Amino acid sequence: MIRDNLKRLLAPRHLAFIGGRSMARALQRCAEGGFAGQMWLVNPQHQSIDGVPCVASVAELPCGPDSVFIATNRELTLQCVGELAAKGAGGAICYASGFAETGAQGQQLQRQLLEAAGHMALLGPNCYGLLDYLQCAALWPVAHGGRKVEQGVAVLTQSGNFAYNLSMSDRSLPVAYMASVGNQAQVGVAELMDVLLDDPRVTAIGLHLEGLKNVPGFARAAHKALEKGIPIVALKTGVSQIGAELALSHTSSLSGSDALYDSLFRRLGVIRVSGPVSFIETLKAAACGRLPTGDRLVALACSGGDAGLIADYAERNRLHLPKLNAGQVEQLAGVLPAYANLVNPLDFTTAIWGDEAALRQMLDAALTSEADAAMLVLDYPAEFTGERKECDLILELFCAALLRHGKRGFVTSALPELLPAHARERLHAQGIAALQGVEDGLAAWGRIVAWQQDRQRLLALGESALVPLCPRALEGEAELLDEWQSKQALRAFGLPVPAGLTSTPEKAAQDADGVGYPLVLKAISAHLPHKTEAGAVALNLKDPQAVAAAAASMRERIAAYAPHVPFDKVLLEPMAEAPLAELIVGIKRENDFALALVIGAGGVLVELLKDSASLLLPTTDGAIRQALLGLRSAALLQGFRGRPEADLDAVVQAIRAVADYACENAGRLLELDVNPLMVGAHGTTAVDALIRLGQAQGDEHA
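Given the structure is predicted, the values throughout are model-derived calculations rather than measurements. (Residues numbered from 1 in each chain as written. Predicted model: local features only at pLDDT ≥ 70, side-chain atom pairs only at ≥ 80, totals over all residues. Heavy atoms only, no water.)

Enquirer: Help me out: how do you make sense of the nonpolar core in this one?
Expert: A general trend in soluble globular proteins is that nonpolar side chains are found buried together. Ranked by internal contacts, the top residues of the largest apolar core, which has 110 residues, are F17, L192, M193, L207, F218 and F279. Considering every element that reaches this core, the biggest residue donor is helix α16 (residues 438-461), with 8 residues. Once residues within four sequence positions are removed from consideration, M193 is found in contact with L156, I205, L207, F218, A221, A222 and I232. (Core = buried A, V, L, I, M, F, W, Y, C linked by side-chain atoms within 4.5 Å. Buried < 20%, exposed > 50% of the residue type's maximum accessible area, 1.4 Å probe, protein only. Helix = DSSP H or I, 4+ residues; strand = E, 2+ residues; numbered from the N terminus. Contact = heavy atoms within 4.5 Å.)

This is the structure:
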C-alpha cells in the first residue's frame, strides 16, 4: 500500500499545501508552471493568503490529496500527518526538522511520525521536497529553476541545497523528478528508485549520497535498473575510511568503507563520478534515452586544436576513432581545401563555414562510417558578434545528418560556456546530448559507453541479482578462535589446510614423526593473532632435535613478547612448497552496510602492497575469478616469466569456501583472515587463519 501511495505522490492529480505565505507562493508557482489538477492551501488562521483561498483544516478538504507539502513545525507536522492518513491522502512531504537528526527525543518523534503516517507515503522529514517536472508539481518551499519536460532524469539527493542549486544551474539538464530525501524515515533512495524505474519517461537516475540506509533495497532497485537499461549515476561524498574498532586482521586495513561503496557500485553497474560537473554532464549524456551502442566515434571540429583535444580525451576515455576509409577520404577531398587533414578526428576547417551545401556534403561523407556515434565540437561566439547564425546552421545540419545515417551523437563545446541555452534546448528536443566542455563531454560519453559495454557482462555474471548481506552491529564480548580452531572451521566448508596435528611444547619433538619432515612449528593461542611478530613460528625443521630446540627458543621469545600468554599448545604441520603466489582472503564487516570478501596479494607484505579487491557477499565464482585476475599481481598466477600457471579453479574454490563460511555465519562473524593462501600449480593451501566471532543477533538478511 505504501508503494501504491508513493506512485500517487509521484504522479499527483491534486495537491495540497499546509502552511502560510510560503505555501501560498508554492501553490502559485505550480499554477504558473502548468499543473492542471486541483490545488488547496490549508491554513486555519486565514480565509486567503496573497489571493489564494484557504481551507480551514485537513478534514475539510474534499478528498484525500495525492500529494501534500507540510510546512509547519514538527509538532503540527505530526498532527497533520495523522489527519492526512485518516483522510486517505497518497503521500506527504515533511519539511520540518527536529526529528531523528537531533538525537533521542527527535528519534522518538520520528517513530511517532511513522506511526501516524500508516500506509501513506512519507518523504522526509527534514527535507526540501519534490520537484515533478512531468506533471509540473513543485512541492517545494522556495523558487526553483526547472521547467516542464516530456522525459528526463530523476535526481535523488540527501542535500536540499544541492537540489536547489542543480535546478538553478545553466546546464539544460532535462530533469523529470528531483527529490530531497531528508531523514528517509519511511521512503528513501531505494524506494523512490524502485517506483521511478517503472516510469518509461525516466531515462536515467542521478544519486547524490552521503550514505545508504537500505543497502538490500538499493541493490534490488539498481539490479532492476540494470535489467531495464536505465543508467544510474552516483556522486558519493564522505570518502574517508571508517576504521573498524578492535580490528585484528589485515583485511580491515585493505578495505575501508568507501572501497566497499565502490564494490557495491561496480557489482550493480552504478556509474560513480567525482563532482557536480561530471554528475550533470554524465546524466545529460543519458538523458535523451538514446544511449551509445559502441565505443567507436567519428569526431568533427573546424579547428586543428580542437581535433587534437578530441584525440587526447577520446583515448583517455577508451573511445576509439576509426580511420576514414578510402571512399570517405575521396568524398571529403572533393569538398574540403587541399590543406585539410583528412583523418578522424576531422578538422573540416573554416573554409566551408556557412556553406550549407558543402557542410551537408562533408557531414554525409564523415558519417558514412563504421563508427557507432558522431560528435561535433561547436563553440558559439558572443551574441553581439552577429555570427551565431552560422553555428545554428551547422547544428541543424549535424542533427539532420545523424538522423539520415541512423547514428547516435552529441555536440560539445571546447569551453562550457560557449554552447548557449538555445542551442542546448534545440539539441535536447531532437534527442541529442548537448554537453558542455570537450573534456567533460568526452568523459561523460565514455562513461555511458563503458556502462553499455559492461551491462550485459554484469547481468551474465549473476552477482547483481544477489541481495547483499547487511549485518547489524553486535553487542557483548567477542571470541577469537586460535589458528587450529579457525582452520578446522573453514576446512568444514572446503578450504584446503595442511594435514597437521596439535601437541604440547614438551611432546612436540616426539609427535613430529607423525607429521613428517621438514615441518613447521607454531604456537597455538587466540591471544597471538600475529604470530610472526611474537616469534611464535619456526620453519623448515628437519629432525626431532630441531623441533625441541625451536620449542625451547619459542618459549623464550613469547615470554619476552607477551608474558601474560601461556605457551602450552603447539601446531605441527608439513612445510609447504614454495608457492607461485601468496594471497590474503578475508572478510570485512561494515555494520548496517555489507559483509565483504577481500582478496589480495598476501604474505608479510600485504599492507605494504595493498593490492586487493572487495566483493560484497553473497557473490559468484565468476566474480571471484574476475577479482583475482584484476589484481596488479595477477601475472604471478598466469605463468609469469615462464613459471607454471596457477590452478585457478582450485584458488576460486578455496576462496569460495571462505565466502560460504562467512555467509553461513554472517550473524556473528566480525572478521576473518586467511593469510597466506599458498597458490601452486596443482593446488592451494591455507597455512594460517584467524576468525573473530561475536554474539549472534538473528537473521542478517534485510
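And the narrative resumes.
Enquirer: Where do I start with the UniProt feature "domain: ATP-grasp" (unreviewed entry) in the protein in this structure?
Expert: The residues that UniProt annotates with the feature "domain: ATP-grasp" (unreviewed entry) are residues 487-523. Helix makes up 24% of residues 487-523 and strand 22%, and the two end C-alpha atoms of the span are 14 Å apart. (UniProt positions renumbered as here; feature names shortened; annotations may be inferred.)

Enquirer: When you look at the pairing of strand β25 (residues 581-590) in this model, what are you seeing that I'm missing?
Expert: Look at any regular strand and the pattern is simple: side chains alternate between the two faces of the sheet. Counting buried positions over the 10 residues of β25 gives 9, a clear majority of the element. Sheet topology note: the β25/strand β28 (residues 669-680) ladder contains 7 bridges and is antiparallel. Each residue of the ladder has a partner; that of E582, found in β28, is M678. The pairing of β25 with strand β26 (residues 594-601) spans 8 bridges and is classified as antiparallel. Opposite L583, over in β26, you have A601 as the bridge partner. (Pairing = 2+ DSSP bridges.)

Enquirer: Teacher, can you tell me more about the packing of helix α6 (residues 189-196) against helix α7 (residues 215-228) here?
Expert: Packed helix pairs are characterised by how far apart their axes lie and by the angle those axes make with each other. With their axes 8 Å apart at the nearest point, α6 and α7 run at an angle of 25° to one another. With respect to each other, α6 and α7 are oriented roughly parallel. In this structure, α6 crosses over α7, and the sense of that crossing is left-handed. Across the interface between the two elements, V189, A190, M193 and D194 from α6 touch G217, F218, A221, A222 and K224 from α7. Residue classes in the contact of α6 with α7 are distributed as 6 nonpolar, 1 polar and 2 charged. (Axes fitted to C-alpha atoms, helices over the stretch in contact; angles between N-to-C directions. Parallel < 35°, antiparallel > 145°, perpendicular 65-115°, else oblique. Left-handed = near helix turned anticlockwise from the far one by under 90°. Nonpolar A, V, L, I, M, F, W, Y, C, P; charged D, E, K, R; others polar.)

Enquirer: What am I meant to see in the pattern of salt bridges here?
Expert: Charged atoms that come close allow side chains of opposite charge to pair. Summed over all chains, the structure comprises 37 salt bridges. One salt bridge connects E463 with R267, and the closest N-O pair in it is separated by 3.3 Å. Of this pair, E463 sits in the loop between α16 and β20 (479-481) while R267 sits in helix α9 (residues 257-268); the two residues are 196 residues apart in sequence, bridging distant segments of the chain. Each member of the pair, E463 together with R267, is buried. We note a salt bridge from E506 to R555, for which the minimum N-O separation is 3.0 Å. Of this pair, E506 sits in the loop between β21 (501-503) and α18 (508-511) while R555 sits in helix α20 (residues 544-561), placing them 49 residues apart in sequence. Of the residues examined, R555 reaches a relative accessible area of 38% and is grouped as partly exposed. (Salt bridge = Lys/Arg side-chain N within 4 Å of Asp/Glu carboxyl O.)

Enquirer: When you look at the packing of helix α22 (residues 621-629) against helix α23 (residues 648-664) in this model, what are you seeing that I'm missing?
Expert: At their nearest, the axes of α22 and α23 sit 10 Å apart, and the two run at 115° to each other. Taken together, α22 and α23 sit at an angle that is classed as roughly perpendicular. Taken as a pair, α22 and α23 cross one another with a handedness that is right-handed. On α23, the residues that touch D621, I624, R625, L628 and L629 of α22 are L648, D649, V651, V652, Q653, I655 and R656. In the contact of α22 with α23, the residues fall into 7 nonpolar, 1 polar and 4 charged.

Enquirer: Help me out: how do you make sense of the sheet that holds strand β14 (residues 271-273) in this one?
Expert: Across the sheet, which stays open at both edges, the 7 strands sit in the order β9-β8-β11-β10-β12-β13-β14 with mixed pairing between neighbours. This sheet does not close on itself; its edge strands, each paired only once, are β9 (137-139) and β14. In this sheet, neighbouring strand axes are inclined to one another by 15° on average, regardless of whether the strands run parallel or antiparallel. Most of the contacts of helix α10 (residues 276-287) go to strand β12 (residues 202-209), to which it runs at about 165°, and overall it touches β10 (152-157), β12, β13 (232-236) and β14.

Enquirer: Could you clarify how one ought to interpret the side chain of K236 in this entry?
Expert: Inspection of the secondary structure puts K236 in strand β13. Contact partners of K236, with chain neighbours within four places excluded, come to L209, E210, G211, D258, Y261, F265 and R272.

Enquirer: Before we go on, may I ask you to explain the sheet that holds strand β23 (residues 537-541) in this structure?
Expert: Hydrogen bonding along the main chain pairs the strands of a sheet, whether they run parallel or antiparallel. With antiparallel pairing, the 4 strands of this open sheet are ordered in space as β21-β24-β22-β23. In this open sheet, the two edge strands, each paired with only one partner strand, are β21 and β23. Strand-to-strand, the axes of this sheet are offset by a mean angle of 25°, without reference to chain direction. Alignment of strand β22 (residues 519-523) against β23, held across 3 bridges, turns out to be antiparallel. Paired with K522 across the bridge in β23 is V537. Contacting β21, β22 and β24 (570-574), helix α17 (residues 483-491) crosses the sheet at an angle of about 50° to β24.

Enquirer: Sorry, what's going on with the packing of aromatic side chains here?
Expert: Given two aromatic rings, one states the distance between the centres and the angle between the planes to describe the pair. Applying the stated criterion across every chain yields a total of 9 aromatic pairs. A cation sits over an aromatic face here: K236 above Y261, 4.5 Å from the ring centre. (Phe/Tyr/Trp six-rings, centres within 6.5 Å; stacked < 30°, edge-to-face > 60°. Lys NZ or Arg CZ within 6 Å of the ring centre and 35° of its normal.)

Enquirer: Just to check I follow, could you spell out helix α3 (residues 74-87) for this structure?
Expert: Structurally, the α-helix is built with 3.6 residues per turn, so residues lying three or four positions apart point the same way. The terminal C-alpha atoms of α3 lie 20 Å apart, and with 14 residues this matches the ideal 20 Å at 1.5 Å per residue to within 8%. Buried-residue contacts for α3 involve β1 (14-18), β5 (67-70), β6 (91-94), α4 (104-117) and β7 (121-123). Put simply, N73 is the residue that caps the front of α3, since its side-chain oxygen is 3.2 Å from the backbone nitrogen of E75. Positive backbone phi, approximately 85°, marks G88, located one or two places after α3. (Expected span 1.5 Å × (residues − 1). Polar contact = N/O pair within 3.5 Å; in protein donor to acceptor, adjacent residues only side chain to side chain.)

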